[in-house]
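# Architecture at a glance
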Amino acid sequence: MTFPQRFDLIVLGAGPAGGRAALTAAAAGLTVILIDEQSAAGGQVWRKPRAERVPARTDGQHGEGLRAALDASDVTLALGRRVWSVTEGFRVDSLGPEGSMSCVADHLIVATGAHERVIPFPGWTMPGVMGLAAATILLKSESRLPGKRVVVAGRGPLMAQVAAGILAKGGRVVAVVDQMRLTGWLGALPALATQPRLLAQGGGWMGRVLASRTPWLFNHRVVEARGADRVSEIVVTSASGDRRALSCDALVIGDGLVPGTEVPRLLSARMWFDRLHGGWIPELTADFETSVPGLFCVGDGAGIRGALQAGTSGELAALAVARQLGRKTEPARLARLRRAFARASCFSDAVAAMLSGQTADVARIGPDTIVCRCEDVSRSEIDAAMAEGIRDINQIKHVTRCGMGPCQGRMCGDTVQELVALGSRRSREEVGAWTGRPPLRPVPLGDLVGSFDYGDIPVPEPAPL
Amino acid sequence: MSARYDLCVVGGGIHGCTVALFAARGGMTVVLVERGSLCREASGVNAGTLTMQMTRVALIPYALEAHAMWASAATWLGHDVGVVVCDGLSLAFTQAEAELLSYRAGKRREAGAPIDLVDAKAARLVEPGLGPGVMLAGHCKIDGFANAYLTGLAYRRALIEAGVTILEETAATAVQRVQGCFEVDTTGAPVKAARLVIAGGVWIESMLGWLGVTVPIKVLVNQLAVTERQRPVMRTVIGIASGLLSLKQYPHGTTVIGGGWQARGDRERGGYELLPDRLVGNVRLACHAIPALKEARLARAWAGLEAETRDALPAVGPVPGVPDAYVCGSVHSGYTSGPYLARLLAERILGREPAMPLFPIDRLLDPFERAA
Amino acid sequence: MQETDTSIELVLDGQPIRVSAHGSVAGALLEAGVAWLRSSPRAHGPRGAFCFMGVCQECAIVIDGRRQQACLVTPRAGMTIERGGVR
């Protein structure tokens, strides 16, 4: 194992929040390392597009700006590296093409983003069914269509973006199956209008989809995906119970986003349940510092607020770190950033509201529906554990194996907690969340052990005989 | 008025649950008070190894009985807890380890554990998944493992069946002796019982303090790790001479890697932190023993808190100076031997002579306190 | 848009398959009509790439002899891919 490298600041995640944090801290004269699993900075929202020539004023433009700025900065870039351990102090261990690496810093900014929430329904495990965010990655970063005949479903503006993206590439959208009513969208308009550029962008997507005569089924939801080795048909229902089947070869569906909070949980930061902003998030100061001194959480991993506020939160956190390390920061700059963050909340909270509050959808999950994809655990198995009198969320995991697979409970955690809350008539706060455990992502044992001599393994003293 | 139980057990791990179960089956009214949920600490998160080759010599006779109990868990507990009985190998890769293994296996054999020393070729016949470099191996046919995660569920069903009152999410906070009866204060309603068993794992030190008894208990923070599912790569329980590796693949394909490498933690705060270098060290041992593990990915790592007395022998017996109070815990390799030791204590509480001696804690008291 | 595809040949379950070289293995296979990547270990249900961002692990298959997430690996000519998952 190589000796850990020391920095003033370690930033985990090179999306809009982490990227800006790293740039801000480096500009303030701090030594910074920025670590990300992807081979290029930008995170999921500003993923490096396949073709670098992209029209101006798109997200890709922001991504390009970020990548160029990082390349020109003093930030040490550690891309294509999988962080598997974060411990007190802070020490961060990662694996990459060049083997294992350890670095340490007194300050750690976590900007690990979010992952998709899909509320289970029969057939959601079928090949050809994928997340809405997955589809944006395929479209933007790989320039590929999810299928030849695609149903876009779920809730929120991402549906419009994906449907418009498919059409722009010459693909076919069978229908947009929208859980929201049209009145829901209209009701959100005043709040969305506080960010005219973003509203215009979203309106443009929706307009293009509607203009293409693609059916937009408001107040409808997907109840089943069918097929053999790939989805071939989905069943949708309206609120009044009218069912119909739609033939397709891909279903992209998303019910919102869940903040990626593995690192603050691992470091035992105090968390709270904020349904509007995606669920369990760390308690934060105005500078985005957690209850663990020196540990900051920014971007969607600190609560779903979108890219607009992600950058601002990253900058504020980095400035706070700089201040803690004795650097001067302009009060006017702080005030401006805080104002910008507050101003953007009106828009982001309106979007977040569209994506949250899905207790009824979870309650509707059928007994035979698989909830935990990794371990094929159905709702009835979780209910059966509760019927035995088991209430502890970790114990339910032990008994059913739900959440024990390689995704480490990321895909099912939110749903299982909601099911346990429903089943035991407790709040999500009372039910809590699964304990955070390393590794942060599954890592190959072969990579973890590297090459070694048996005699060099620091085997502790044997126990008494 | 609250009912008065014949027995109150504080702590719902293997020890507490087993004492409660056999006391209830023996005709007592029993209440079990557990701060969290049943077998959620060391009893539920340990490596599930059922082995003689990591058991202390003094405990071998108990471990043999306990192994038989585990193997027949479906009968007396009503649930098989995923027990697999298989061969076990303790490996030596260096001359020093071979010497240690020969000595330790010999002592364990004298105590009754059927351990044979075999060469690399014979070891490979037992376990074809072994890597190169084995010099010597201890082979024991009485070995195996349980799925520790299922322990809580198994005991829950059995305790309910036996009529034990289970108070989960209820922490005991103090004990008074009032008119020949124990009054246990809890975070819920107080509990009254004629007899008391302290079975709170690493927390028995402070619990014994309620009774005015001081027994220092050391806390081991044992690190564990598990791979994701993979193809079958091994069929035995593997350890090394020093005892600092335990390795077994479950029928569903995951492999649990343990051996007692220490994480950082403390019992007061309750949390712990796994240290990356030790995790890597433990996993290196595992991959050295079974190279095909390198194909798998590490899915999760955690730790369990194990209690250890000054002489690393159990604290199972009456509490000195406090009639009708007992303690049950600190059993090294407690998952293997726990059920049998706890059953012995239940026998004693039921007024019968246990089949083997208990481990009273008088030996662990401060000499001045003992004199007083 | 610039769409000059470099077509390469991969070996999928022992059979050659042509895909375009950019993006991820999971994306390239999907584009080539290959959605099924493995069977789930318990119910043996069909699975394919789901999140495309390295989280869900549905696309963890054996690529060049190592279990890797197909959504995080760039396709290269001659790469061997074994679908099926843990058996």
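## Side note on the overall build of chain C
A tally of helices and strands in chain C yields 1 helix and 7 strands. When the helices and strands of chain C are listed from N to C terminus, the series reads β-β-α-β-β-β-β-β. Against the compact-globule benchmark of 12 Å for 87 residues, chain C has a radius of gyration of 12 Å, which places it among compact chains. By principal-axis analysis of the C-alpha atoms, chain C measures approximately 45 × 25 × 20 Å. Counting across all 87 residues of chain C, residues that qualify as buried make up 59%. Of the roughly 3,600 Å² that chain C leaves accessible, carbon and sulfur atoms contribute 50%. Side-chain charges in chain C split into 9 positive and 8 negative, and the spacing between the mean points of these groups amounts to 11 Å.

## Considering the confidence of the model for chain C
Here chain C averages 92 in pLDDT, while 93% of its residues score no lower than 70. Per the prediction output, this complex has pTM 0.95; the corresponding ipTM is 0.94.

## Concerning the pairing of strand β16 (residues 297-308) of chain B
Each regular strand carries side chains that alternate between the two faces of the sheet. Within β16 of chain B, 12 of the 12 residues are buried, which leaves the element mostly enclosed by the surrounding structure. Looking at chain direction, strand β24 (residues 443-444) of chain A and β16 of chain B are connected through 2 bridges and run antiparallel. Along β16 of chain B, the bridge assignment pairs Val443 of chain A with Leu298 of chain B. With 10 bridges joining them, strand β10 (residues 218-227) of chain B and β16 of chain B adopt antiparallel strand pairing. When the bridges of β16 of chain B are listed, Asn222 of chain B appears paired with Gly304 of chain B.

## Focus: the pairing of strand β1 (residues 4-10) of chain B
Residue and element names in this part refer to chain B. In terms of burial, β1 is a largely internal element, 5 of the 7 residues being buried. Note that β1 and strand β9 (residues 191-198) share 6 bridges and pair parallel. Looking at β9, one finds that Arg4 is bridged to Lys192. Traced from β1 through helix α1 (residues 14-25) to strand β2 (residues 30-33), the parallel crossover comes out right-handed.

## Brief notes about the sheet that holds strand β13 (residues 255-258) of chain B
Here 9 strands make up an open sheet; going across it, the order is β24(A)-β16(B)-β10(B)-β13(B)-β12(B)-β11(B)-β3(B)-β5(B)-β4(B) and the pairing mixed. Of all strands in the sheet, those with a lone pairing partner are β24 of chain A together with β4 (115-118) of chain B, marking the two edges. Across 8 bridges, strand β3 (residues 84-92) of chain B lies against strand β5 (residues 136-145) of chain B in antiparallel orientation. The residue bridging Leu91 of chain B from the neighbouring strand is Ala137 of chain B, located in β5 of chain B. Across the face of the sheet, helix α3 (residues 60-71) of chain B comes into contact with β3 and β5 of chain B while running at roughly 50 degrees to β5 of chain B. Along the sheet, helix α5 (residues 95-110) of chain B contacts β3, β4 and β5 of chain B; its crossing angle with β4 of chain B, the most-contacted strand, is approximately 155 degrees.

## Here's the deal with the interface of chain B and chain A
Of the residues lining the interface, 60 residues belong to chain B; the matching set on chain A comes to 48 residues. Taken together, the links from chain B to chain A amount to 5 salt bridges. Across the salt bridge formed by Arg157 of chain B and Glu388 of chain A, the nearest N and O atoms sit 2.3 Å from each other. Across the chain B-chain A interface, the total number found is 21 residue pairs in polar contact (both at pLDDT 80 or more). Elements with a minimum of two residues in the side of chain B that touches chain A: α2 (42-45), α5, α7 (151-161), β15 (272-273), α9 (276-289) and β16 of chain B.

## A short note on the environment of Gly123 of chain A
All names here are of chain A. Within the secondary structure layout, Gly123 lies in the loop between β9 (114-116) and β10 (129-131). A relative accessible area of 18% means that Gly123 is categorised as buried. Residues Gly123 and Ala25 lie 98 residues apart in sequence; the distance between their C-alpha atoms is 46 Å. When residues no more than four places from it in sequence are discounted, the contact partners of Gly123 are Val129 and Ala225.

## A short note on the packing of α3 of chain B against helix α10 (residues 334-349) of chain B
All names here are of chain B. Axis separation between α3 and α10 bottoms out at 7 Å; the angle between their running directions is 95 degrees. Viewed along their axes, α3 and α10 adopt a mutual orientation that is roughly perpendicular. Of α10, the residues touching α3 (which contributes Tyr62, Ala63, Glu65, Ala66, Met69 and Trp70) are Tyr335, Thr336, Ser337, Pro339, Tyr340, Leu341, Arg343 and Leu344. Classifying every residue of the contact of α3 with α10 gives 10 nonpolar, 2 polar and 2 charged.

## Considering unusual backbone geometry
A cis amide bond links Gly89 of chain A with the next residue in sequence, Phe90 of chain A, at an omega value of -20 degrees. The topology assignment puts Phe90 of chain A in the loop between β5 (82-87) and β6 (91-96). The omega torsion of the bond from Pro438 of chain A to Pro439 of chain A falls at -5 degrees, within 30 degrees of zero and hence cis. Position of Pro439 of chain A among the secondary structure elements: in the loop between α14 (428-431) and β24. Phi at Gln57 of chain C takes a positive value of approximately 70 degrees, unusual for a residue other than glycine. Mapped onto the secondary structure, Gln57 of chain C falls in the loop between β4 (46-47) and β5 (60-63).

## What about the packing of aromatic side chains?
For the structure on display, the rule yields 12 aromatic pairs over all chains. Between Trp124 of chain A and Phe50 of chain C the ring centres are 5.8 Å apart and the planes differ by 85 degrees, which places this aromatic pair in the edge-to-face class. With one member in each of two chains, Trp124 of chain A in the loop between β9 and β10 and Phe50 of chain C in the loop between β4 and β5 form a pair that bridges those chains. Residue Trp124 of chain A shares its accessibility class with Phe50 of chain C, and that shared class is buried. Each member of the aromatic cluster is reached from another via a ring pair, and the members are Phe22, Trp76 and Tyr155 of chain B.

## Regarding the nonpolar core
Generally speaking, nonpolar side chains in soluble globular proteins are found buried as a group. Core analysis: the biggest nonpolar cluster contains 109 residues, and Val152 and Ile234 of chain A together with Phe52 of chain C have the highest contact counts within it. Leaving out residues up to four positions away in the same chain, Ile234 of chain A has contacts with Val151, Val222, Glu224, Ala225, Arg244, Ala245, Leu246, Cys248 and Leu251 of chain A. Core analysis: the second largest hydrophobic core is formed by 89 residues, Val10, Ala225, Ile238 and Ala303 of chain B among them.

## Section: the sheet that holds strand β7 (residues 80-82) of chain C
All names here are of chain C. Within the open sheet, the 5 strands sit side by side as β2-β1-β7-β5-β6. Their pairing is mixed. For this open sheet the edge positions go to β2 (15-20) and β6 (66-69), each flanked by a neighbour on one side alone. For this sheet, the mean inter-axis angle between neighbouring strands, taken without regard to orientation, is 40 degrees. As paired elements, β5 and β7 share 2 bridges and run antiparallel to each other. Bridging from a neighbouring strand, Val62 pairs with Glu82 of β7.

## Some details on empty space enclosed by the protein
One pass over the structure, following the stated rule, counts 9 cavities of 30 Å³ or more. Of the volumes computed, that of the largest cavity is approximately 380 Å³. Lining the largest cavity are 27 residues, with Glu262, Arg265, Gln408, Gly409 and Trp434 of chain A sitting closest to its centre. Elements with a contribution of two residues or more to the lining of the largest cavity: β18 (257-259), α7 (262-266), β20 (279-282) and α13 (413-424) of chain A together with β16 of chain B. Among the elements that line the lining of the largest cavity, the one with the most residues is α13 of chain A, at 3 residues.

## Observations concerning the interface of chain B and chain C
In this complex, chain B contributes 7 residues to the contact, which on the side of chain C involves 8 residues. Of all residues in chain B, Glu228, Arg229 and Arg297 of chain B bury the most surface against chain C, accounting for 76% of the area lost on that side. Seen at the junction of chain B and chain C, the total is 1 salt bridge. The partner of Glu228 of chain B in a salt bridge is Arg67 of chain C, with the nearest N and O atoms 3.2 Å apart. At the junction of chain B with chain C, the criterion picks out 3 residue pairs in polar contact (both at pLDDT 80 or more). For the side of chain B that touches chain C, the per-class residue count stands at 1 nonpolar, 1 polar and 5 charged.

## Here we look at the pattern of salt bridges
Any two side chains of opposite charge can pair, so long as their charged atoms come close to each other. All told, the structure shown has 50 salt bridges over all chains when counted by the stated rule. Residue Asp287 of chain A is joined to Arg338 of chain A by a salt bridge in which the shortest nitrogen-to-oxygen separation is 2.5 Å. Taken together, the residues Asp287 of chain A in the loop between β20 and β21 (295-297) and Arg338 of chain A in helix α9 (residues 331-355) connect sequence positions 51 residues apart. Residue Asp287 of chain A is classed as buried on the basis of its relative accessible area, which comes to 16%. Notably, a salt bridge pairs Arg47 of chain C with Asp376 of chain A, separated by 2.5 Å at the nearest N-O pair.

Conventions adopted
Residues numbered from 1 in each chain as written. Chains lettered and ligands numbered in written order. Predicted model: local features only at pLDDT ≥ 70, side-chain atom pairs only at ≥ 80, totals over all residues. Heavy atoms only, no water. Helix = DSSP H or I, 4+ residues; strand = E, 2+ residues; numbered from the N terminus. Rg over C-alpha atoms; globule rule 2.2 N^0.38 Å. Buried < 20%, exposed > 50% of the residue type's maximum accessible area, 1.4 Å probe, protein only. Areas by Shrake-Rupley, 256 points an atom, 1.4 Å probe, with all protein chains shown as cover. Lys, Arg positive; Asp, Glu negative; His and termini not counted. Charge placed at Lys NZ, Arg CZ, Asp CG, Glu CD. pLDDT = per-residue confidence, 0-100. Pairing = 2+ DSSP bridges. Right-handed = clockwise from strand over helix to strand, strands pointing away. Contact = heavy atoms within 4.5 Å. Axes fitted to C-alpha atoms, helices over the stretch in contact; angles between N-to-C directions. Salt bridge = Lys/Arg side-chain N within 4 Å of Asp/Glu carboxyl O. Polar contact = N/O pair within 3.5 Å; in protein donor to acceptor, adjacent residues only side chain to side chain. Parallel < 35°, antiparallel > 145°, perpendicular 65-115°, else oblique. Nonpolar A, V, L, I, M, F, W, Y, C, P; charged D, E, K, R; others polar. Phe/Tyr/Trp six-rings, centres within 6.5 Å; stacked < 30°, edge-to-face > 60°. Core = buried A, V, L, I, M, F, W, Y, C linked by side-chain atoms within 4.5 Å. 1 Å grid on protein atoms, 1.4 Å probe; cavity = no way out; pocket = protein on both sides within 12 Å on 5 of 7 lines; lining within 4 Å. Points joined across faces, edges and corners; volume = space filled by probe spheres on them. Buried area = accessible area lost by both parts, 1.4 Å probe.

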